[in-house]
Amino acid sequence: MILLPNITLSPSRVDQLLVWILQGLAAFAGILVLLIVGFLMLEAFPAVRQIGFLSFFSDASWHPVEGFYNVMAMVWGSLLAMLGAVLLATPLGICSAVFCHFYAPTWFVEPYRKLIELLAGIPSVVYGLWGLVVLVPLIGQLHPPGPSLLAGISILTIMILPTIALMADASLAKVPSVYLRGAIALGLSRWTTIRCIIIPAATSGLSTGIILGIGRAIGETMAMLMVCGNVVQVPTNLFDPMRTLTANIALEMAYAVEDHRAALFFTGFLLLGVVIVMVLAVDYIKQRHTYA
Amino acid sequence: MHKSFGSNTDWVACLLMWGIGSVILGIFSLVVGDVVWHGLAGVSWEFLSTAPRDAGRAGGIIPILISTGLLLSICLVVAIPIGLGAAIFLAECTSEHHAFGRVVRISLDVLTAVPSIVFGLFGYAFFSHMLGMGFSLVSGGLTLACMVLPILIRATEEGFRTVPNEYRLGAAALGLSRMTTLMTLLLPAAMPGLMVGVILGTGRAMAETAALIYTSGYVDRMPESLMDSGRALSLHIFDLSMNVPGGNANAYASAVVLIGLLLVMNTLASWVAGHWLKRRMFWA
Amino acid sequence: MGGGTLVEAKDVLGMSARSTSRFQPWGPFEERSACCEPHPLIRAEKLSLYYGNTPAFEGVSWSIYQGCLTALVGPSGSGKTSFLTCLNRLTDLIPGCRVIGELSLGDLNVFAEQTDVLQLRRQVGMIFQKPNPFPLSIRKNLELPLREYGIIDRGRTDHLIEQTLNDVGLWREVQDRLDVPALRLSGGQQQRLCIARALILSPQVLLMDEPCSALDPLSSGVVEDLIARLRGQYTVVIVTHNLAQARRIADYASLFWVHDGVGQLIEEGPVSQIFETPQHDLTAAYISGVRG
């Protein structure tokens, strides 16, 4: 029998301490979200109290200096840009994943996938830069002025396409291969297999990807700031300049004071709210749907 | 053989897929090619090693590179211990179904999806104003730390999950303490996961712009202390293209530098993930 | 495993250890308590274990004698392994696992609040079905438990490592490559290393969960001989599906059975009773290969 030397702190006590410390760190990471929500609320509170919640949606316009705080033009701007981008990027992204899985020759798949991964990591300012220097003048020639909803939608599409494509790719990879083998054994054509078996089986992963894409599109700031023209108005056609909620914060935060500042925090809070709802939706989809 | 309707649509679909694949490739080669083509000419040793002049139209980017480096260092120094601790807790000390672990996981998911401008607002209100750090590298670095934390935790947790359960059982059966098990068995095996997280997080932090405008600020001088304001590379690109007429050439060159750095990060991440991870787990 | 090996079992009953030990230069064991004596060391009183609400076994009351080799046999799912994991409280690691009833090891109440689990597990070593050496060198594998309990003097650890490796008959095979990764050893060598790792702390009890079933017949024989040699030095509790093996090496045996998905202890007693004059019909049927 080997005797224990005297240890002041027994291993069990050290373990207990370790678990407490780790739990503390995990709690800190978890609380960060509450901290962010709390701070935005705290900063936005004066706006809601002084200006009134409803005036954000019913004021005559967004003229903070004169005390008008209608954010609807920017909400529409954000929504239209997001909608356009998601409508374009979703079919393209899913087709890209299908192409990768079922059509592309094997030697081509790896480089293609690597490229998409790389594109997903390219900073939004770089896309914004390209949009500003190349795309906007191009649209300007087509239909002045150039900075426009169309430019915003195009850049956003290019930005969220890799995200959706990667998520779709991953969810197609998760479809059990027995489904595919079953379809082949039935003699179904490739397209029928994809349309009627693979895509329905991957729905949950695909919708997760789309939701993440929406989140990214709504939250995008720099690229929108650079290509959309930043005029506060509801765009009536694709060539009208407009301003998104995010760009508004980035533009006006520099000089905003008091109510104006609080109003900007309020819009930030709105964005956060939208994102939280989306994450919870993704979590719900994941909970409900797993291959056993 | 009779050609059925089905095989006809099959053929159309095939064509469509190839078409879309090439369109996507085409668009991206256009964007990246344009940036690299125009930017590469401006990248030289002189560009990398001198300070910007004339609001950035001329000169180089050395103070901006230094500021970016400092921002990333602060971000990692703060985020790694917290992220590692939280990841160990989530992977080793709590089960999938435990309420606390679930709540933390969902909050991390939310944190991943929070728009960067919202992080910017938070950093501005909390670090810059409430904690009195002003526009400084510390304030920006801490804001970035909040952003990369979920990426870091997710990747490190994944690293711990690759450790076979037999080691944990064996260690428990020997009466080894959690501390020893963690230090000698789990941590070395999970190290590649942490590395991947650090590299991915650095990539995200490096690409970040919106969160930094109101936290680390715009100043393009060489920072003298961590409490100084400093301009990140991505912010430099934004400023040159938006606010400085005639700054496009240098904006392009800076973009190439940024893409180059990200490319290195990406390659490193996939190399670590693929190569080292496999070697560690089956080093026989 | 049916009773087809019964004939073979009769032939080699108690012989295999002696017959092969001529070729296996075992080192001398540290002298400890005398051989198997009918003095209960482990006592279970109405012990039941539940995973969530599903019972693994219920109402086991049984004594295991000091210094004896006790075999647990029975069909899969009868709770043998679950019973084993109670003895060193490895059940703590399984979420949702509850244990009801009493279990004592000497004077120690195993499931009491104040029991130091690490100390308990030091007294009760465990060998798993699949050899699980740590991904470290052979030396580090054995040094780790020693260091954990404060033995860091290089001379002493080297001495203990050599002595223990001698005990398990591994010293000759590995003495000049102690610093190579343990995972490079063969399956049988890995299992013997795991036994050495458990023995190096001189525990009172050794738990073995089908220690030979993942090995090839040759290595299995070597490990079995080693286990047989542990009899009298340690209190060994072994789960096995190999009835012939149980008959060859054990002093006592017990039969676990499944009733409506719940494990139960059907019969226990000296090996001769279980295999030659079983009291219970199920035992008789199981050992002769009619059931199970």
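Heads up: the structure comes first, above all this text.
Residues numbered from 1 in each chain as written. Chains lettered and ligands numbered in written order. Predicted model: local features only at pLDDT ≥ 70, side-chain atom pairs only at ≥ 80, totals over all residues. Heavy atoms only, no water.

A. How the structure looks around the pattern of salt bridges. For the structure on display, the rule yields 22 salt bridges over all chains. Two residues, arginine 102 of chain B and aspartate 283 of chain A, come together in a salt bridge whose shortest N-O distance is 3.7 Å. On the criterion of chain membership, the pair formed by arginine 102 of chain B in helix α4 (residues 99-113) and aspartate 283 of chain A in helix α12 (residues 258-288) is interchain, its members lying in two chains. Judged by relative accessible area, which is 16%, aspartate 283 of chain A ranks as buried. Residues arginine 161 of chain B and glutamate 157 of chain B are paired through a salt bridge, measuring 2.8 Å at the closest nitrogen-oxygen approach. In this pair, arginine 161 of chain B and glutamate 157 of chain B both sit in helix α6 (residues 137-161), 4 residues apart, roughly one turn of the helix. Arginine 161 of chain B sits in the partly exposed class, given a relative accessible area of 40%. Here the residues in one salt-bridge network are Glu110, Arg113, Lys114 and Asp169 of chain A, joined through shared partners. (Salt bridge = Lys/Arg side-chain N within 4 Å of Asp/Glu carboxyl O. Helix = DSSP H or I, 4+ residues; strand = E, 2+ residues; numbered from the N terminus. Buried < 20%, exposed > 50% of the residue type's maximum accessible area, 1.4 Å probe, protein only.)

B. Quick peek at the interface of chain B and chain A. Of the residues lining the interface, 75 residues belong to chain B; the matching set on chain A comes to 76 residues. Between chain B and chain A the total buried area reaches about 6,600 Å² when both faces are included, carbon and sulfur atoms providing 84% of it. Inspection of the region where chain B meets chain A yields 1 salt bridge. Linking chain B with chain A are 6 residue pairs in polar contact (both at pLDDT 80 or more). Ranked by residues supplied to the side of chain B that touches chain A, first place goes to helix α1 (residues 5-40) of chain B with 18 residues. The residue makeup of the side of chain B that touches chain A, split by class, is 56 nonpolar, 14 polar and 5 charged. (Contact = heavy atoms within 4.5 Å. Buried area = accessible area lost by both parts, 1.4 Å probe. Polar contact = N/O pair within 3.5 Å; in protein donor to acceptor, adjacent residues only side chain to side chain. Nonpolar A, V, L, I, M, F, W, Y, C, P; charged D, E, K, R; others polar.)

C. Spatial organisation of the pairing of strand β6 (residues 124-127) of chain C. Residue and element names in this part refer to chain C. Side chains Val124 and Met126 of β6 all project onto a buried face; the interleaved residues Gly125 and Ile127 project onto the opposite face, where all are buried too. Pairing geometry for β6 and strand β7 (residues 205-209), over 4 bridges, is parallel. Within β7, the residue paired with isoleucine 127 across the bridge is methionine 208. (Pairing = 2+ DSSP bridges.)

D. Region of the structure containing the interface of chain C and chain B. Contacts between the two partners involve 27 residues from chain C, matched on the other side by 17 residues from chain B. Counting the surface chain C buries against chain B, the share from its top three residues, Phe134, Pro135 and Glu148 of chain C, is 26%. Counting every contact that joins chain C to chain B gives 1 salt bridge. Note that glutamate 166 of chain B and lysine 130 of chain C form a salt bridge whose closest N and O atoms lie 2.8 Å from each other. Remark: the boundary between chain C and chain B carries 5 residue pairs in polar contact (both at pLDDT 80 or more).

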